[in-house]
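Overview (structure and organization)
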Amino acid sequence: MSSKRRGLFILAASGWTAFVWLNRIRNLVTDDRSLSFLVVHYVIAAISLAFAAGLAVIGWSMAAGRQPTSTSAATAANSNDR
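Counting restarts for each chain: residues are numbered from 1 in the order of the written sequence. The model is predicted, so local features are restricted to residues of pLDDT at least 70 and side-chain atom pairs to those at 80 or more, both for listing and for counting; the totals for chains, interfaces and linings are taken over all residues. Water and hydrogen atoms were dropped before computing side-chain values, which therefore reflect all heavy atoms in the structure.

**Observations concerning the overall build of the protein chain**
For helices the rule is a DSSP run of H or I covering at least 4 residues; for strands it is a run of E covering at least 2, with both sets numbered from the N terminus onward. When its secondary structure is counted, the protein chain shows three helices and zero strands. Element order for the protein chain, N to C, with α for helix and β for strand: α-α-α. When checking whether two residues touch, look at their non-hydrogen atoms; a contact exists if any pair is within 4.5 Å. Summarising the internal contacts of the protein chain: among those between residues at least 6 apart in sequence, 63% fall at separations of at least 24. When the accessible area of the protein chain is evaluated, it comes to approximately 6,100 Å², of which 65% is carbon and sulfur surface. Only the protein chains shown count as covering a residue, and every accessible area follows the Shrake-Rupley method with a 1.4 Å probe.

Put into structure tokens, the structure is as follows:
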């Protein structure tokens, strides 16, 4: 599988995750549930949406033909040049 196809797959997974959790948040707004239930699910939704955003960045980069860069890897490479 090419890097571009993998990137598109990651973008699709990211979009699906965002869709599911945004829909769940919309449903939670109208639910008559306990406060603890709502807090737990809003926290899970926020974490899942953050992961989806991170995956979208990686997927977009791969689909565009660029390899995602790591700050620590770039720092380690620069320290070896000295």
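There is more to say, and it comes next.
**A few points about the side chain of Ser48**
The topology assignment puts Ser48 in helix 2 (residues 35-63). Any N or O atom pair separated by 3.5 Å or less is treated as a polar contact, with the protein-specific requirement of one donor-capable and one acceptor-capable atom, and with residues adjacent in sequence counted only for side-chain atom pairs. A distance of 3.4 Å separates polar atoms of two side chains, one belonging to Ser48 and the other to Trp21. With sequence-adjacent residues up to four places away left out, Ser48 is seen in contact with Thr17 and Trp21.

**Comments concerning helix 2**
Given the number of residues in a helix, its expected span is that number minus one, multiplied by 1.5 Å. When the terminal C-alpha atoms of helix 2 are compared, their 41 Å separation across 29 residues agrees well with the 42 Å that a helix rising 1.5 Å per residue should span. At its buried positions, helix 2 is contacted by helix 1 (3-30). With its phi angle positive at about 95 degrees, Gly65 sits one or two positions after the end of helix 2.

**Notes on the environment of Phe51**
For Phe51, the position within the fold is in helix 2. The spatial distance from the C-alpha of Phe51 to the C-alpha of Ala18 is 9.2 Å, given a sequence separation of 33 residues.

**Let's talk about helix 1**
It helps to recall that an α-helix has 3.6 residues per turn; residues three or four apart then point in one direction. The end-to-end C-alpha separation of helix 1 is 41 Å, in line with the 40 Å expected for 28 residues at 1.5 Å each. Categorising residues by exposure relies on relative accessible area from a 1.4 Å probe, with only protein chains included: less than 20% of the type maximum marks a residue as buried, more than 50% marks it as exposed, and the intermediate range marks it as partly exposed. Three or more residues of helix 1 are buried, namely Gly7, Ile10, Ser14, Trp21 and Leu28. Next to the buried residues of helix 1 lie helix 2.

**Focus: the pattern of salt bridges**
One side-chain nitrogen of Lys or Arg within 4 Å of one carboxyl oxygen of Asp or Glu is enough to make a salt bridge. All told, the structure shown has two salt bridges when counted by the stated rule. When the shortest N-O distance is used, the salt bridge between Asp31 and Arg24 registers 4.0 Å. A residue is classified by how much of its surface remains accessible, and Arg24, at 25% relative accessible area, is partly exposed. Its salt-bridge partner being Asp31, residue Arg33 comes within 3.9 Å of it at the nearest N-O pair.

**Quick look at the confidence of the model for the protein chain**
When pLDDT is low, close inspection of the predicted coordinates is not appropriate. On average, residues of the protein chain score 86 in pLDDT, and 80% of them reach the 70 mark or higher. Averaged pLDDT values over the elements of the protein chain bottom out at 56 in helix 3 (residues 71-80) and peak at 95 in helix 2. By definition, pLDDT measures how confident the predictor is in each residue, and it falls between 0 and 100.

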